[in-house]
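The chain contents come next:
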Amino acid sequence: MKEVRVSVRNLVEYVYKSGSIDQRFHTSSSMTEGTRLHKKIQRNYKEGDRAEEFLSTVLPVDNLSFIVEGRCDGLIFEEEDVIIEEIKSTRSSLGDLAEDSYPVHWAQGKFYAYIYAKDHDLQEISVKLTYIHVETEEMIHYLQRFTLNQLEDFASKTIEVYYPFAELLTTHKEKRNESAAALPFPFPEYRKGQRHLAGAVYKTIKEKKTLFANAPTGTGKTISTIFPSVKALAEESIDKIYYLTAKTITRTTAEEAFEMLEQKGLAAKTLTITAKDKACLKEEGLCQSDSCPFAEGYYDKINEAVMDIIRNETRMTRQIIEQYGRKHRVCPFEFSIDLSYIADAVICDYNYIFDPRVSLKRLSDSQKKRTVLLTDEAHNLVDRGRGMFSAELEKFSFLELKRSYKEKNKELYAVSHEINRFFIGLRKQYEETGMEVYKEAFPELLELLERFIGSAETELAGQSGESTLLEIYFAAHNFIKISSLYNENYVTYIDSGKRETIIRLFCLNPSELLSRTSKSFSSAVFFSATLSPFQYYFELLGGEQEDYRFRIPSPFPKENSQVFLKLLSTRYRDRERSIQPLVSLPQELMKQRHGNYLYFFPSYRYMNEVYEAFMKSGPDADVLIQSAGMTEDEREAFLQAFHADRESPLIGFAVLGGIFSEGIDLKGDRLNGVIVVGVGLPQLGPEREIIKDHFNKLRKNGYDYSYILPGMNKVLQAGGRLIRTEEDTGVIVLVDDRYLTPKYQGLLPEEWLDFTVL
């Protein structure tokens with residue numbers, strides 16, 4: 001008999017969920033808040049009562065043996081009665097929560113009651129459903145008593161509904177493991193260094209460790225991380241793969257890798273999660289659940305949609321998700337989130353794992369301990385991590401609410417007025433300096449925000465559609481959530497300009513929070529072609545002494561690329577004088593080396609100035625230029641223009657650190673040269689200066705940490721666009737006189753050090 005292990009929560013949520021996907025204001029609260037309130041109630045249990053009691057039972061049905069397990073919130077003994085308590089924290093008004101508002105909550109408590117009554121031969125047992133309000137900590141209790149026969153009938157019907165889904169997944173898992181065990185490496189042979197990288201990933205997964213890998217362009221990082229992970233699936237070292245990326249183009253590369261493995265015989269379910277705004281099927285207006293036919297009655301339709309797509313598809317891409325979303329009239333984004341919990345491999349953005357605002361909350365600890373994280377282009381995660389773990393509020397937002405609700409909602413008006421007044425006090429205090437940095441999260445502001453959230457929820461419950469209030473509600477909610485993470489790696493800064501005052505909780509060093517998340521999974525692999533300087537990224541990505549480190553040299557011969565230095569100052573004060581030499585440089589290169597070039601600049605402004613002068617010079621080449629906010633079609637058209645059989649050469653102007661400076665493959669004669677202007681230094685700004693000061697206080701070189709090291713990573717990424725295969729050749733030109741200094745030469749890869757000065 002095949003075993004199926006399922007948590008009580010996942011079982012009842014599959015069977016008993018119903019309604020629409022708009023549950024923003026019902027029983028949701030942060031995990032931190034929920035844990036605190038659970039413990040508050042549990043501390044009042046009398047001696048002999050138990051909190052977080054683990055319960056488990058085995059239910060054989062046909063050819064499957066269901067192991068249903070979980071921890072009930074409370075096990076209470078009162079004279080002749082035993083009570084299972086199910087606790088739910090909520091921001092909703094308790095008056096809106098009737099006894100039968102959420103059948104899924106009763107179902108959870110009833111299943112725990114069934115397990116306990118069955119194991120202890122009780123003929124009757126009670127279930128208490130307790131709702132506790134997050135802000136007021138007021139509670140409401142509902143109590144129901146059940147016979148063992150009633151609970152047996154309930155459990156039997158629940159398993160009966162779940163059985164077809166479980167049987168489908170169990171049969172699939174057997175096929176997946178068999179196919180993964182027999183799967184050959186998809187290429188005739190390994191590239192130089194590729195076998196070692198794949199072996200390091202496999203060892204990391206088997207030993208449940210963390211790996212940081214710097215594997216240069218050409219190593220074949222995507223397949224070298226995915227293939228050993230699939231092999232680990234076959235041996236049941238893990239049960240799921242998350243492939244995390246920062247850009248759409250690297251997601252496509254991962255999809256292609258799984259497609260290649262499928263062609264070699266792999267039977268696995270892979271899923272790509274597409275951002276909500278891109279996945280939305282509404283033809284007009286904003287994505288809003290209360291007026292969307294794909295959201296209405298979502299939970300009544302989703303199980304059938306899931307069964308349909310799992311039976312018939314293997315690679316669940318954006319197009320496939322959309323197709324089934326239309327067929328079953330379900331929201332494609334929410335559909336993909338539900339599928340992510342059952343897919344074998346999930347390709348998605350970093351934020352679905354690391355961002356506390358949008359991470360996949362239903363991933364249980366036991367599921368995480370069976371999952372590997374493969375984090376591609378991991379150098380991007382440092383700044384992305386800072387953003388995900390930071391939050392901000394604007395004064396103007398609360399001034400607008402104060403004006404809008406003065407006559408409509410006195411409570412909301414009053415708290416918006418107080419928050420606006422708090423901002424005014426800060427602005428007056430810092431109107432001369434315009435900015436101030438604190439080491440606290442303003443507890444008085446947090447108290448006001450808690451009041452605001454409660455008032456906003458009451459108002460939003462009667463609204464339809466998106467609104468300014470809803471946006472500010474989410475911003476306030478996020479601010480409070482981030483404040484719970486606040487520690488020595490944070491500062492609070494006030495930016496008080498002429499028109500606006502902003503308060504920002506700014507994460508200076510995301511390493512601790514990134515590590516806390518990654519260590520909750522079975523294993524994690526952070527890899528990049530430019531995890532360099534290695535120690536910098538190892539530290540800021542949360543590396544620890546026991547973690548594995550892996551570095552290999554470029555697999556390509558040095559002769560494949562010629563590196564040149566153009567000794568020109570690109571410092572801000574010298575930029576006007578640099579324009580004419582930068583106009584002449586590509587023209588001279590193309591005379592000697594006909595072909596296609598990418599021309600990278602440190603900013604849009606600098607790029608546009610050189611571009612305008614270049615076009616006035618009457619170049620004998622076709623010219624493209626990157627623009628801010630390009631659509632996917634525009635990006636694709638830009639890249640498609642780089643083809644090998646062009647009659648005239650092509651030069652593409654682009655921005656360092658942008659969409660064309662990493663993750664793209666222009667193989668062979670599609671790209672013959674890369675010109676990089678400057679050393680990639682981020683623009684001077686308050687946040688960069690705060691980061692610099694923070695690391696200076698830690699006795700590190702703050703300027704390096706804030707400017708030089710992240711800047712040079714952009715340079716390495718841009719230069720890495722040139723040589724993608726063993727056959728590729730071309731030139732790299734680094735334009736800046738600082739490349740002759742020891743500091744910058746020490747940051748260049750070994751294969752670039754044999755350069756020629758132009």
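Residues numbered from 1 in each chain as written. Predicted model: local features only at pLDDT ≥ 70, side-chain atom pairs only at ≥ 80, totals over all residues. Heavy atoms only, no water.

Q: Account for the overall build of the protein, with residues named and values stated.
A: What the protein contains, in helices and strands, is 26 helices and 25 strands. Taken over the C-alpha trace, the protein has a radius of gyration of 29 Å; the compact-globule value for 758 residues is 27 Å, and the two agree within 12%. Principal-axis analysis of the C-alpha atoms places the extent of the protein at approximately 90 × 70 × 50 Å. Put simply, the protein has 758 residues, and 57% of those count as buried. For the protein, the proportion of contacts with a sequence separation of at least 24, taken over those separated by at least 6, is 79%. As displayed, the protein has an accessible area near 33,500 Å², and 47% of this comes from carbon and sulfur atoms. (Helix = DSSP H or I, 4+ residues; strand = E, 2+ residues; numbered from the N terminus. Rg over C-alpha atoms; globule rule 2.2 N^0.38 Å. Buried < 20%, exposed > 50% of the residue type's maximum accessible area, 1.4 Å probe, protein only. Contact = heavy atoms within 4.5 Å. Areas by Shrake-Rupley, 256 points an atom, 1.4 Å probe, with all protein chains shown as cover.)

Q: Please give an account of the nonpolar core that cites residues and values.
A: Of all hydrophobic cores here, the largest spans 178 residues; its most connected members are Phe111, Phe335 and Phe452. For this core, the element with the highest residue contribution is helix α3 (residues 103-119), accounting for ten residues. The residues touching Phe111, leaving out its near neighbours within four places in the chain, are Val8, Leu11, Val12, Leu59, Val68, Phe154, Ala155 and Thr158. Within the second largest apolar cluster, 34 residues are counted, among which are Leu197, Ala200, Leu233 and Leu261. (Core = buried A, V, L, I, M, F, W, Y, C linked by side-chain atoms within 4.5 Å.)

Q: Please set out the sheet that holds strand β16 (residues 501-507) residue by residue, giving values where relevant.
A: In space, the four strands of this open sheet follow the order β13-β16-β15-β14, with antiparallel pairing throughout. Each end of this open sheet is capped by a strand with a single partner; those strands are β13 (391-394) and β14 (435-438). Taken pair by pair, the neighbouring strands of this sheet meet at an average axis angle of 15°, ignoring direction. Relative to β16, strand β15 (residues 490-496) runs antiparallel, the two sharing seven bridges. Along β16, the bridge assignment pairs Asp495 with Ile502. Contacting β14, β15 and β16, helix α24 (residues 686-697) runs over the sheet at an angle of about 40° to β16. (Pairing = 2+ DSSP bridges. Axes fitted to C-alpha atoms, helices over the stretch in contact; angles between N-to-C directions.)

Q: Mind laying out the sheet that holds strand β21 (residues 622-625), listing which residues take part and the relevant values?
A: Strands sit in the order β21-β22-β20-β23-β24-β19-β25 across an open sheet of seven strands; the sheet is parallel. Each end of this open sheet is capped by a strand with a single partner; those strands are β21 and β25 (756-757). Pairing of β21 with strand β22 (residues 650-655) involves four bridges; the strand directions are parallel. Among the inter-strand pairings, Ile625 is bridged to a residue of β22, identified as Phe653. On top of the sheet, helix α25 (residues 702-719) reaches β20 (596-601), β23 (673-677) and β24 (730-735); it is set at about 165° to β23, its chief contact.

Q: Lay out the packing of aromatic side chains with the relevant residues and their values.
A: Here the distance between the centres and the angle between the planes together describe a pair of aromatic rings. Here the structure, examined in full by the defined rule, presents 38 aromatic pairs. Judged by centre distance (5.6 Å) and plane angle (70°), the ring pair of Tyr162 and Phe165 falls under edge-to-face. Remark: Phe165 and Tyr162 occur in helix α4 (residues 148-182); sequence separation between them is three residues, near one turn of the helix. In this structure Tyr162 comes out as buried when scored by relative accessible area, which is 9%. By relative accessible area, which is 5% here, Phe165 ends up buried. Relative to Phe653, the ring of Phe601 lies with its centre 5.7 Å away and its plane at 5°, an arrangement referred to as stacked. Here Phe601 is found in strand β20, whereas its partner Phe653 is found in strand β22, with 52 residues between them in sequence. Given a relative accessible area of 0%, Phe653 falls into the buried group. Taken together, Tyr599, Phe601, Tyr606, Tyr611, Phe614 and Phe653 form an aromatic cluster joined through their ring pairs. The ring centre of Tyr548 lies 5.2 Å from the NZ or CZ of Lys209, which sits over that ring. Sitting over the face of the ring of Tyr405, Lys408 holds its NZ or CZ atom 4.6 Å from the ring centroid. (Phe/Tyr/Trp six-rings, centres within 6.5 Å; stacked < 30°, edge-to-face > 60°. Lys NZ or Arg CZ within 6 Å of the ring centre and 35° of its normal.)

Q: I'd like a description of the packing of α3 against α4, backed by residues and values.
A: The geometry of α3 relative to α4 is characterised by a closest axis approach of 9 Å and an angle of 120° between their N-to-C directions. Comparing their axes, α4 and α3 come out oblique. In terms of crossing hand, the pair formed by α3 and α4 is left-handed. Along the contact surface, α3 presents Ala107, Lys110, Phe111, Ala113, Tyr114, Ala117 and Lys118, while α4 presents Leu148, Leu151, Glu152, Phe154, Ala155 and Thr158. (Parallel < 35°, antiparallel > 145°, perpendicular 65-115°, else oblique. Left-handed = near helix turned anticlockwise from the far one by under 90°.)

Q: Before we move on, could you go through the packing of helix α15 (residues 395-404) against helix α16 (residues 410-429) and cite the residues and values that matter?
A: Think of two packed helices as two axes; the pair is described by the angle between the axes and how far apart they sit. Look at α15 against α16: their axes get within 8 Å of each other, and the N-to-C directions meet at 145°. The two elements α15 and α16 cross, and the hand of that crossing is left-handed. Here Lys395, Phe398, Leu399, Leu401 and Lys402 of α15 come into contact with α16, specifically with Tyr413, Ser416, His417, Ile419, Asn420, Phe423, Ile424 and Arg427. Grouping the amino acids of the contact of α15 with α16 by side-chain chemistry returns seven nonpolar, three polar and three charged. (Nonpolar A, V, L, I, M, F, W, Y, C, P; charged D, E, K, R; others polar.)

Q: I'd like to hear about the pairing of β22, residue by residue, with values.
A: Most of β22 is tucked away: six of the six residues are buried. Here β22 shows a buried face lined by Leu650, Gly652 and Ala654 and a second buried face lined by Ile651, Phe653 and Val655. With helix α23 (residues 632-640) bridging β21 and its parallel neighbour β22, the resulting β-α-β unit is right-handed. (Right-handed = clockwise from strand over helix to strand, strands pointing away.)

Don't take any of this as a statement about function, it's just geometry.
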